[in-house]
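Below are the chains, spelled out letter by letter.
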Amino acid sequence: MKCQGCGSILQTQDAQRVGYINSVHLQEGKKQYCKRCFDLLHYNFDQFQGTNNDALFQILKDIQEKDNTLVVYVYDPILEVSFPQELMGYLKDQKVFLVGTKFDLLKEQYPREKIEKYIHKYVQKFDMNVVGNTVISNKDKTDIRKLFVALRSFEKEQIYVIGASNVGKSSMINGMIQLFLKDRNLITTSHRIGTTLFGIEILFHDSLTLIDTPGYIDTHSFPFHLQSTSLLLAQVKGKIRPK
């Protein structure tokens, strides 16, 4: 059994390892959170934090060996680090659907079409096979619904949600879960880097399966070196109004 929040395998033996859940609370066949995710959701406390890209790189290698896969590449239009060179190397010649997030912070200054056009031109140097390109707000149910409908045209393929850490991958999927899967636990999200630890498969009514993945961690970026409270303060939450 896997934790529905972070993708780790649930275990009852060692509280100092990821995936721990008290044996009293473990119920076979029931979708549950590990203790780490429970603490993050209720107390904003994280005992374990992803610090490397091993699990993500293994998923990316698996994608390269498979047919009929689609990568939904999620990026933050505000941050150029959304397209790290190391990660882009894995996506060469892959079928990619680009999804920009946090449009709610940009829409007063930048039309959606302008962002999409700029990003489409920007990613040409990475030699992706771009099959879709949109910008959304994870807070807008209409945006989430339109994206879900667009992805359903690829429902025969394995769809992996890839991107740098903290660009809004899991929040985007949670928006779909809230609209279309009322009985499933949400994926654990936080302002911390490395919240998702392993791949998480989400089945939408036998028609569409999304696989959430750990965010790419750039150990050279300044967010990686910030304490949790400082990282929270550094994140952009207000609307962008350049002068």
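Keep in mind that this is a model prediction, so the values were computed, not measured.

Colleague: Hey, could you run me through the packing of aromatic side chains in this one?
Modeller: Aromatic ring pairs are defined here through the distance separating the ring centres and the angle between the ring planes. Overall, the coordinates contain eleven aromatic pairs when judged by the stated rule. Here Phe57 and Tyr90 contribute two aromatic rings whose centre-to-centre distance is 5.1 Å and whose plane-to-plane angle is 20°, an arrangement assigned as stacked. Here the residue Phe57 occupies a position in helix α2 (residues 54-64), and Tyr90 occupies one in helix α3 (residues 85-90), the gap between them amounting to 33 residues. The class for Phe57 is buried, based on a relative accessible area of 14%.

Colleague: What's the story with the environment of Ile202 in this structure? I'm lost.
Modeller: In this fold, Ile202 is placed in strand β5 (residues 200-204). Classification of Ile202 by relative accessible area gives buried; the value is 0%. Apart from residues no more than four positions distant in its own chain, Ile202 is found in contact with Ile173, Ile177, Leu181, Arg184, Ile187, Leu208, Thr209, Leu210 and Asp212.

Colleague: Is there a simple way to explain the sheet that holds strand β3 (residues 129-135) in this structure?
Modeller: Hydrogen bonds along the backbone pair up the strands of a sheet, which may run parallel or antiparallel. Read across the open sheet, the six strands follow the order β3-β2-β1-β4-β6-β5; overall the sheet is mixed. The open sheet has two edge strands, β3 and β5, and neither has a second partner. Direction aside, the axes of adjacent strands within the sheet are offset by 25° on average. Pairing geometry for β5 and strand β6 (residues 208-212), over five bridges, is antiparallel. Each bridged residue has a counterpart across the sheet, and for Phe204 the counterpart in β6 is Leu208.

Colleague: Any chance you could explain helix α4 (residues 112-122) here in plain terms?
Modeller: Helical geometry note: an α-helix holds 3.6 residues per turn, so side chains three or four residues apart project in the same direction. Of all the positions in α4, only Ile115, Glu116, Ile119 and Tyr122 are classed as buried. Seen from one end, α4 has its buried residues packed into an arc of 130°, which puts them on one side. Away from its buried face by more than 90 degrees, α4 exposes Glu113, Lys114, Lys117 and Lys121. Where the residues of α4 are buried, they touch β1 (69-75), β2 (95-100) and β3.

Colleague: Please clarify how a nonpolar patch on the surface should be interpreted in this entry.
Modeller: A surface patch of nonpolar side chains, amounting to about 360 Å² of accessible area, comprises Phe38, Tyr43 and Phe45. Note on placement: Phe45 falls in the loop between α1 (35-43) and α2. Relative accessible area serves as the criterion here: at 47%, Phe45 is assigned to the partly exposed category.

Rules used throughout
Residues numbered from 1 in each chain as written. Predicted model: local features only at pLDDT ≥ 70, side-chain atom pairs only at ≥ 80, totals over all residues. Heavy atoms only, no water. Phe/Tyr/Trp six-rings, centres within 6.5 Å; stacked < 30°, edge-to-face > 60°. Helix = DSSP H or I, 4+ residues; strand = E, 2+ residues; numbered from the N terminus. Buried < 20%, exposed > 50% of the residue type's maximum accessible area, 1.4 Å probe, protein only. Contact = heavy atoms within 4.5 Å. Pairing = 2+ DSSP bridges. Axes fitted to C-alpha atoms, helices over the stretch in contact; angles between N-to-C directions. Arc of directions from axis to C-beta. Patch = residues over 30% accessible without salt bridge, like charges linked within 9 Å, V, L, I, M, F, W, Y side chains within 5 Å. Areas by Shrake-Rupley, 256 points an atom, 1.4 Å probe, with all protein chains shown as cover. Salt bridge = Lys/Arg side-chain N within 4 Å of Asp/Glu carboxyl O.

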